[in-house]
Amino acid sequence: MTSVVHNLEAIHNKMRHACERSGRQLNDITIIGVTKYATIERTEEAINAGISHIGENRLEGFLKKYEAIQSQVGWHFIGTLQSRKVRDIVNKVTAIHSLDRLSLAQEINKRAEEPVECFVQVNVSGEASKHGLAVGETEEFIQKLSAFEHIKVIGLMTMAPYTDHTDDIRRQFRALADLKRTIEAKQWSHAPCHNLSMGMSNDYDIAIEEGATHIRLGTCLLGPS
Ligand SMILES: *Cc1c(COP(=O)(O)O)cnc(C)c1O
């Protein structure tokens, strides 16, 4: 396996080019190292290489890494979250990227000791297999979240389809960015919504060109499973 330092160099280069093409700054983009297939040792290697945000998509993986590492990094929950698992992570996370229903918001609100930063997950493609709200439902959903004092909507998240059709991917990222701007313009105090969590190993350059602030990188950073 190549070193994380080496992988990160290649990623930074690609990010830099995407930033140049879109007039953005590297500093405005946070890399979340997705460690779901990585060992604790490999995760620590990533942290030593400068990764300061870790993402996990399952409760077990999250707790295993969180408890072993206990370091000053940000912890992101990026996967589907069952309501009954909320209490195990809610006071440990930096952000939850998969808020997609009111029952989940209610549970987060109940279990949280302080406001939790959340991304609302949007299913831009409309694929039945994907989680998240339809684009047309999102604004009303976020408006309703004002009822929950412990929820702060800091942005929107999506997963693009796994495809070589980069035009499709770009169109979806652009749609999410448009939706983010619409919500941002409402200036709701519970939902500043300044961020976009989009882009994974195979499409993060497109995501950056379309405004991503948080890219979630597994394979290209830590190596294949
Ligand atoms: C696994 C995963 C990623 C990272 O995927 P890669 O293609 O390995 O970079 C990003 N986001 C979510 C929600 C994931 O589950």
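In case you missed it, the structure is sitting above this.
Everything numeric here is computed off the predicted structure, so don't read it as measured data. (Residues numbered from 1 in each chain as written. Predicted model: local features only at pLDDT ≥ 70, side-chain atom pairs only at ≥ 80, totals over all residues. Heavy atoms only, no water.)

A look at the overall build of the chain
What the chain contains, in helices and strands, is 9 helices and 8 strands. Taking 17 Å as the expected radius of gyration for a compact globule of 225 residues, we find that the chain reaches 17 Å, a close match to that expectation. Expressed as lengths along the three principal axes of its C-alpha atoms, the size of the chain is roughly 45 × 40 × 30 Å. Looking at the chain alone, contacts between residues at least 24 apart form 54% of all its contacts between residues at least 6 apart. Accessible area for the chain stands at about 11,000 Å²; split by element, carbon and sulfur atoms hold 44% of it. Where the 26 positive side-chain charges of the chain centre and where its 29 negative ones centre are 3 Å apart. (Helix = DSSP H or I, 4+ residues; strand = E, 2+ residues; numbered from the N terminus. Rg over C-alpha atoms; globule rule 2.2 N^0.38 Å. Contact = heavy atoms within 4.5 Å. Areas by Shrake-Rupley, 256 points an atom, 1.4 Å probe, with all protein chains shown as cover. Lys, Arg positive; Asp, Glu negative; His and termini not counted. Charge placed at Lys NZ, Arg CZ, Asp CG, Glu CD.)

Things to note about the state of the cysteines
Considering all chains together, one arrives at 0 disulfides under this definition. We note that Cys118 lacks a disulfide partner, and the nearest cysteine sulfur, in Cys193, lies 12 Å from it. Note on Cys118: relative accessible area 0%, which makes it buried. (Disulfide = S-S within 2.5 Å. Buried < 20%, exposed > 50% of the residue type's maximum accessible area, 1.4 Å probe, protein only.)

Quick look at the nonpolar core
Generally speaking, nonpolar side chains in soluble globular proteins are found buried as a group. The biggest cluster of nonpolar side chains holds 66 residues, and the ones touching the most others in it are Ile96, Leu99, Ile108, Val120, Ile142, Leu156 and Ile215. Excluding anything up to four places from it in sequence, Ile108 contacts Val86, Val90, Ile96, Leu99, Val116, Cys118 and Ile151. (Core = buried A, V, L, I, M, F, W, Y, C linked by side-chain atoms within 4.5 Å.)

Observations concerning the site of the ligand
In the vicinity of the ligand, the contacting residues are Val34, Lys36, Asn57, Ile78, Met159, Met200, Ser201, Arg216, Leu217, Gly218 and Thr219. At 2.7 Å from an oxygen atom of the ligand is found a side-chain nitrogen or oxygen belonging to Lys36. At 2.5 Å, a side-chain N or O of Thr219 approaches an oxygen atom of the ligand. Across the complex, the protein chains shield 90% of the 390 Å² of accessible surface that the ligand would expose by itself. For the shell around the ligand, the residue count by class is 5 nonpolar, 4 polar and 2 charged. (Near = heavy atom within 4 Å. Polar contact = N/O pair within 3.5 Å; in protein donor to acceptor, adjacent residues only side chain to side chain. Nonpolar A, V, L, I, M, F, W, Y, C, P; charged D, E, K, R; others polar.)

Some points on helix α3 (residues 59-69)
Turning to α3, its buried residues number three or more, namely Leu59, Gly61, Phe62, Leu63, Lys65, Tyr66 and Ile69. In this structure, the buried side of α3 is in contact with α2 (40-48), β2 (53-56), β3 (74-77) and α4 (86-89). Following α3 by one or two positions, Gln70 has its phi on the positive side, about 45°.

Quick look at unusual backbone geometry
Backbone geometry places Gln187, a non-glycine residue, at a positive phi of 55°. Structurally, Gln187 can be placed in the loop between α7 (166-186) and β7 (195-197). Relative accessible area serves as the criterion here: at 70%, Gln187 is assigned to the exposed category. At Cys193, a position not held by glycine, the phi torsion is positive, near 55°.

Function-wise, these values are silent; they only describe arrangement.
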